[in-house]
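# Structure assessment
The residues making up each chain are set out below.
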Amino acid sequence: MKHSIALALLCFSLGSRAQPEAFGPRATGLAGAVVADNSPWAGFANPAGLAAIDRFSAALAVDRRAWLPGLETFGAGLTLPAEFGCIGLIFRQFGYSFYREQSASLLFARRFGPQWSIGIGLDYLRLSLADYGRRQTITGQAGLLYQPFNQLTVGMRIYNPFQAALSEDGQENWPTLFSLGASYAPAQNLSVKTQVDKSLEGPLRVRCGLDYEVMESLRLRVGFSTEPATPQAGIGYRLKALDLDLGAGFHPYLGVIPAVGFCWPAQKPEP
Amino acid sequence: MRLSVPDCWQRGFALFALLSFHNLCAQPAPSESIEQMFNQSLDQAAEFSDAVAESALDALSQILDQLAQQPLDLNRNEAADWQPLVLAGLLSESQLEELFNHRHRYGLYLSPYELQTLPRMDLATLRQLLPLVTVGRAAEHSTTPWSRQWFGGDNQLFLRASTVLEPQAGFRNSDSLPGYAGDRSKLYLRYQYNFGNRIRYGFTAEKDPGEGLFGPAQRTGFDFYSGHIYVRDVGVVKDLCFGDYEVGFGQGLVWGAGFGLRKNAAVIGGLRAGRPIGAYTSVGENRFLRGAAARIGLGTLELTVFASHKAVDANVVALENNPDSLGMSETGTDPESIGAGAESPDGVSAFPDDGLHRTETEWAKKDAARETAFGAHLLLRRSNWKLGLLASHLRYNTFLEPSDQLYAQYNFSGNQLSHASLHGSGTWRNLSFFGEAALSQNGGLAAVAGVMASLHPRVDLSVISRRYAPQYQSLYASAFAEQSSPRNEHGIYFGLRVRPFSRITLDAYADAYTHPWLRFGADAPSRGRDYLAQLAYAPSRNTLLYLRARHEVKEENAPANEAALDYLTGQRRSSLRLNLSARLSPQLRLQSRIEAVWAGTVQQPFPERDTTTTGLLLFQDLQWTPARLPLSLTVRYALFDAQSFDARLYAFENDVLYSFSVPFFQDRGSRYYAVTRIRLARWLDLYLRYARTSYQNRENIGSGLDLIEAPHKSEVKAMLRVKW
């Protein structure tokens with residue numbers, strides 16, 4: 001019990017409300033600079049990124065902070081392309097029986113011409129604390145992708161714009177996050193990504209990542225995010241119809257934050 | 001040279017491409033002189049200059065000197081000779097690799113223009129490179145008789161004098177204050193002989209302001225003399241040097257030949273040293289070797305041996321009866337401080353490196369210790385992989401007993417220091433790897449490893465990881481580190497260069513590091529981070545505009561702390577620079593800059609104690625090279641307003657040939673300088689320089705014997721260069 005309370009306190013003190021930030025091994029390897037990405041993982045970063053998905057796909061991932069049991073985040077995403085656009089379903093859970101954050105999001109994305117995509121989402125959030133009960137609320141997000149020319153994509157996403165909170169006294173704020181970034185892909189096997197994130201409560205974070213297909217079906221990723229200074233790295237491997245990804249952040253205070261996950265079906269390389 | 005059929009095709013295509021390339025061929029060789037180009041890279045490096053950069057600049061000047069004497073030969077020079085260009089940011093590691101591969105595959109270069117057929121060579125690089133390279137015919141030197149090689153080459157003589165015009169306290173004759181022994185002039189004399197880059201010999205003599213020149217204060221004339229004889233490529237002997245020289249191996253963890261520009265705006269800059277042996281021609285009075293060194297190449301094996309014995313400056317301290325105890329009378333904890341003379345010179349507290357011997361106390365440290373160094377280095381080459389093994393030993397005739405402060409606990413003490421090191425480098429596809437691990441006698445380990453990846457013609461990435469134990473000791477290292485020597489530091493560095501469009505270059509780096517042990521000014525293990533981003537836009541060949549942001553946070557003892565215990569806070573330094581340089585005509589070049597710095601405390605638990613200060617620097621340069629007059633003129637006017645030392649700003653300044661100045665600006669005032677070169681004859685150049693800084697919010701400048709009781713400081717400098 002003591003252990004659990006300590007963990008719960010740790011969750012609070014670390015501001016572990018990381019939910020709106022990009023999630024998954026791919027994002028971890030790229031230091032979270034994925035707001036301008038098109039992929040089934042986009043549901044965790046920018047709903048507009050789902051607009052380009054043309055097949056049903058599923059993604060599943062888990063990460064663990066400070067290598068402590070109980071500080072895992074599980075996430076699952078489903079992408080369902082349709083005539084009128086693309087629908088995404090995202091589930092995410094952080095914590096364990098004494099402290100748990102859960103969210104479910106319904107996303108919708110579609111293209112507007114060859115250059116623009118827009119995505120919106122509705123998010124249901126729930127926070128459960130053993131012996132204290134639970135709180136829940138509903139919030140939303142919206143994102144935009146703009147591809148001025150083939151090699152460059154610019155992405156923007158606003159999460160929780162109206163500052164929905166889990167309590168009315170303002171003590172249980174849910175983060176409001178603005179992300180703006182770009183992805184530059186000079187070749188099929190290479191993309192360079194950069195992004196700035198500003199949450200209402202935290203400092204401006206700059207993220208930068210690089211994704212390189214070093215050989216057929218093997219991708220290497222490195223990234224760096226500031227505040228705190230966190231080098232990150234990852235590997236992606238295409239195993240037949242499955243994309244297997246591994247990522248790790250090297251947090252200055254929390255140590256290694258590993259993430260692992262897969263995506264089905266495997267994605268074609270970025271254009 | 002035999003070419004296979006496809007090779008002939010390749011070659012024919014190459015020549016066709018070459019001839020059809022009007023843009024380059026129609027132009028005369030780029031008028032941008034080597035010097036100007038290097039000034040640009042020095043300017044870039046200068047911002048990162050602390051004490052170390054001084055020697056780096058000095059080393060760069062030596063390289064510049066050599067390049068000016070002799071362009072690099074595409075067909076003859078080995079990779080090590082090209083490394084300076086990589087370090088100066090003119091050439092990337094992968095371009096260099098390609099340059100050599102091309103020679104391997106297609107044989108000797110026919111013309112420097114052939115470089116444009118290399119896929120990774122871009123136009124801008126090519127333009128910069130062309131004046132520096134040549135295509136020689138093999139075996140040219142071997143036909144020249146020895147007597148001509150030794151006496152028929154190029155001779156140069158430099159005579160330089162400079163002084164500060166305002167009277168300084170140390171030069172006033174007063175009985176109460178014992179001043180400097182000599183006069184206030186700084187004198188420099190250098191003779192250099194070059195036969196291509198094959199044979200070099202020369203000597204240097206120097207006197208700093210306040211040091212004696214002949215007479216009772218300095219009977220031997222100048223305060224510092226240096227000389228060398230250097231020969232390369234005689235049979236199996238690749239390099240042979242007698243006299244004063246420098247050595248550098250691997251990543252410089254043990255021996256770094258002075259030239260290691262550390263972090264740099266050219267974030268993809270290489271790290272590897274050039275040739276392992278180089279003649280020493282600069283005027284730093286302590287950090288070099290004196291004796292003999294040779295490098296012998298036997299097929300894939302290469303052996304370098306060196307031996308040196310010389311006097312070094314040392315702060316002599318009187319050890320108390322028990323030399324083993326730490327309770328010694330010590331005159332200064334800072335290695336830069338001047339030690340007092342002592343009656344029983346049985347120990348030294350530091351090896352100061354300022355080379356100043358103006359007063360009796362400074363005189364007391366001159367050559368107070370003797371240093372013997374020797375070592376051997378074995379290098380194995382296999383295609384483009386290299387593996388090196390180094391063992392070396394340093395010995396002093398006296399015991400070094402450094403400060404007993406806790407932060408200095410792991411500093412070198414004793415009278416001898418041995419090292420062993422293993423290093424390697426190589427390339428695989430478009431990735432170049434390098435690394436070194438070094439062990440010092442006390443068991444301290446330092447290791448650095450990195451990769452430079454040319455992922456795409458438009459994208460370069462470098463990642464460098466370092467792990468230097470607090471226990472690692474080295475006295476001649478110059479390696480990739482946040483601090484001046486590779487110890488007590490773990491870190492990882494990412495550098496990225498992206499050229500999304502031909503006119504735009506984006507550079508960025510991030511470096512995160514920790515110091516596992518205390519440092520001077522940080523009474524606990526500490527962290528730091530350093531970020532840089534630069535956007536450069538070159539709308540035309542003659543114009544470059546760049547915007548650079550840099551942000552660095554370092555943990556240090558909280559300033560103005562009144563508590564009994566020191567605690568760490570993050571000291572921030574952020575800067576923003578906008579720089580425009582443009583050549584309006586072949587005669588006229590302009591540069592303008594505005595730079596702002598914010599320095600203060602972050603993570604401050606007492607926000608009311610936060611004292612962020614700002615600094616601002618603006619300057620305008622004008623460079624005029626009249627077409628019909630044998631002279632050139634550079635002037636600058638700068639205005640500065642920096643509220644504190646932490647918010648100081650640096651700016652590189654043009655100077656007379658082969659000397660550099662990077663003054664820093666603090667307080668409020670203005671500075672201007674003018675430097676001119678007058679070609680009196682084909683064989684005779686005269687350089688003149690005048691610089692003056694005027695302060696608005698100060699009444700005097702400097703302190704102690706350097707005190708100037710006026711709010712301004714002016715320097716004049718003159719140099720004659722004779723060539724024959």
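Along each chain, residue indices are assigned from 1 in the same order as the chain's sequence is written. Here the convention is simple: chains get letters from A, ligands get numbers from 1, in the order in which they are written. Predicted model: local features are reported for residues with pLDDT of at least 70 only, side-chain atom pairs are reported and counted for 80 or more only, and whole-chain, interface and lining totals are derived from all residues. The basis for every side-chain value is the complete set of non-hydrogen atoms in the structure, without hydrogens or water.

## Regarding the overall build of chain A
- Secondary structure counts use DSSP, requiring at least four H or I residues in a row for a helix and at least two E residues in a row for a strand, with both numbered from the N terminus. Secondary structure summary: chain A contains two helices and 14 strands in total.
- The cut-offs for exposure are 20% and 50% of the maximum accessible area for each residue type, with area from a 1.4 Å probe on protein chains only; residues under the lower value are buried, those over the upper are exposed, and the others partly exposed. Across the 271 residues in chain A, those meeting the buried criterion constitute 52%.
- Total accessible area computed for chain A in this model is approximately 12100 Å², and 64% of it derives from carbon and sulfur atoms. Values of accessible area rely on a 1.4 Å probe in the Shrake-Rupley scheme; residue burial ignores everything except the protein chains shown.

## What to know about the overall build of chain B
- On a plain count of helices and strands, chain B comes out with nine helices and 31 strands.
- Taking all 724 residues of chain B together, the buried fraction comes to 53%.
- Long-range contacts, defined here as pairs at least 24 residues apart, represent 63% of the contacts in chain B between residues at least 6 apart.
- Within the structure as shown, chain B displays about 31400 Å² of accessible surface, and the carbon and sulfur contribution to it stands at 59%. Residues are treated as being in contact if the distance between any of their heavy atoms lies within 4.5 Å.

## Brief notes about the environment of Gly-249 of chain A
Residues and elements named next belong to chain A.
- Structurally, Gly-249 can be placed in strand β13 (residues 242–251).
- Through-space distance from the C-alpha of Gly-249 to that of Val-222 is 9.7 Å; in sequence the pair is 27 residues apart.
- With sequence-adjacent residues up to four places away left out, Gly-249 is seen in contact with Thr-28, Thr-230, Pro-231, Gln-232, Gly-255, Val-256 and Ile-257.

## Some details on the environment of Ile-504 of chain B
Residues and elements named next belong to chain B.
- Inspection of the secondary structure puts Ile-504 in strand β20 (residues 504–515).
- Residues Ile-504 and Ala-538, 34 residues apart in the sequence, show an inter-C-alpha distance of 6.5 Å.
- Apart from the residues within four sequence positions on either side, Ile-504 is in contact with Val-498, Arg-499, Leu-535, Ala-536 and Tyr-537.

## Let's talk about the confidence of the model for chain A
Residue and element names in this part refer to chain A.
- The predictor attaches a confidence to each residue, and that confidence, scored 0 to 100, is pLDDT. Residues of chain A with pLDDT of at least 70 account for 91%, and the chain-wide mean is 88.
- For chain A, helix α1 (residues 2–13) is the element with the lowest average pLDDT, namely 52, and strand β7 (residues 152–159) is the one with the highest, namely 95.
- Across residues 12–16, where pLDDT falls below 50, the model places eight contacts with residues more than four positions away in sequence or in other chains.

## Section: the interface of chain A and chain B
- With 20 residues of chain A at the interface, the matching set in chain B holds 21 residues.
- Taking both sides of the interface into account, the surface hidden between chain A and chain B amounts to around 1700 Å²; carbon and sulfur atoms contribute 73%.
- Salt bridges are defined as contacts in which a side-chain nitrogen from Lys or Arg sits within 4 Å of a carboxyl oxygen from Asp or Glu. Counting every contact that joins chain A to chain B gives one salt bridge.
- A salt bridge links Glu-227 of chain A to Arg-529 of chain B; its shortest N-O distance comes to 3.7 Å.
- Nitrogen and oxygen atoms within 3.5 Å of one another constitute a polar contact, given that in protein one can donate a hydrogen and the other can accept it, and given that sequence-neighbouring residues count only through two side-chain atoms. For the pair chain A and chain B, the number of links is three residue pairs in polar contact (both at pLDDT 80 or more).
- Breaking the side of chain A that touches chain B down by element, the ones donating at least two residues are β8 (177–187), β9 (190–199), β10 (204–215) and β11 (218–225) of chain A.
- Considering every element that reaches the side of chain A that touches chain B, the biggest residue donor is β10 of chain A, with five residues.
- Per-class residue counts for the side of chain A that touches chain B are 17 nonpolar, two polar and one charged. Summed over both partners, the accessible surface that disappears when two parts come together, traced with a 1.4 Å probe, is what is meant by buried area. Only Asp, Glu, Lys and Arg are considered charged, only Ala, Val, Leu, Ile, Met, Phe, Trp, Tyr, Cys and Pro nonpolar, and every remaining residue, Gly among them, polar.

## Remarks on the packing of aromatic side chains
Residues and elements named next belong to chain B.
- In this scheme Phe, Tyr and Trp rings, the latter by its six-membered ring, pair at centre separations within 6.5 Å, and the angle between planes marks the pair as stacked below 30 degrees, edge-to-face above 60, and tilted otherwise. In the structure shown here, the tally under the stated rule is 34 aromatic pairs over all chains.
- Ring plane angle 25 degrees and centroid distance 4.5 Å describe the contact between Phe-351 and Tyr-396, whose orientation is recorded as stacked. Linking Phe-351 in the loop between β12 (347–350) and α9 (360–365) with Tyr-396 in strand β14 (residues 385–400), this pair joins segments that are 45 residues apart in sequence.
- Judged by relative accessible area, Phe-351 falls into the partly exposed class, the value being 23%.
- Among the aromatic residues, those joined into a cluster by ring pairs are Trp-146, Trp-150, Tyr-191, Tyr-193, Tyr-201, Phe-203 and Trp-724.
- Taking the ring centre of Phe-645 as reference, the NZ or CZ of Arg-648 above it sits at 4.1 Å.
- Cation placement over rings: the criterion is NZ of Lys or CZ of Arg within 6 Å of the ring centroid and within 35° of the ring normal. The ring centre of Tyr-695 lies 4.8 Å from the NZ or CZ of Arg-698, which sits over that ring.

## Things to note about helix α6 (residues 93–106) of chain B
All names here are of chain B.
- For α6, which comprises 14 residues, the first-to-last C-alpha distance of 20 Å matches the rise-based estimate of 20 Å (1.5 Å per residue) to within 8%.
- Within α6, burial applies to Glu-93, Ser-94, Gln-95, Leu-96, Glu-98, Leu-99, Phe-100, His-102 and Tyr-106.
- Once α6 ends, the next one or two residues include Gly-107, with phi positive near 85 degrees. Multiplying 1.5 Å by the helix residue count minus one yields the expected span of that helix.

## Side note on the nonpolar core
- The term nonpolar core refers to a set of buried residues drawn from Ala, Val, Leu, Ile, Met, Phe, Trp, Tyr and Cys, joined through side-chain atoms within 4.5 Å. Core analysis: the largest hydrophobic core is formed by 40 residues, its most contacted members being Val-247, Leu-253, Trp-255, Phe-306 and Tyr-468 of chain B.
- When residues of this core are assigned to their parent elements, the largest contribution, four residues, is made by β14 of chain B.

## Some words on the pairing of strand β29 (residues 667–681) of chain B
All names here are of chain B.
- In this description, strands pair whenever DSSP reports at least two bridges between them. Strand direction decides the pairing type here: strand β26 (residues 631–642) and β29, joined by 12 bridges, are antiparallel. Its bridge partner lying in β29, Thr-634 is registered against Val-675.
- Bridge count between β29 and strand β30 (residues 684–695): 12 bridges; the pairing is antiparallel. Each residue of the ladder has a partner; that of Val-675, found in β30, is Arg-689.

## As for the pattern of salt bridges
- Going through the model one piece at a time under the given rule, you end up with 41 salt bridges over all chains.
- Residues Asp-507 of chain B and Arg-497 of chain B are paired through a salt bridge, measuring 2.7 Å at the closest nitrogen-oxygen approach. Residue Asp-507 of chain B is found in strand β20, and its partner Arg-497 of chain B is found in strand β19 (residues 489–501); the two are separated by 10 residues along the sequence. Judged on exposure class, the residue Asp-507 of chain B and its partner Arg-497 of chain B are both buried.
- Taken together, the shared-partner salt bridges in this structure form one network comprising Asp-211, Glu-213, Arg-219, Arg-221, Arg-238 and Asp-245 of chain A.

## Some remarks on the side chain of Asp-73 of chain B
- Relative to the helices and strands, Asp-73 of chain B resides in strand β1 (residues 72–73).
- If near-sequence neighbours (up to four positions away) are discounted, Asp-73 of chain B is found in contact with Trp-82, Thr-134, Val-135 and Gly-136 of chain B.

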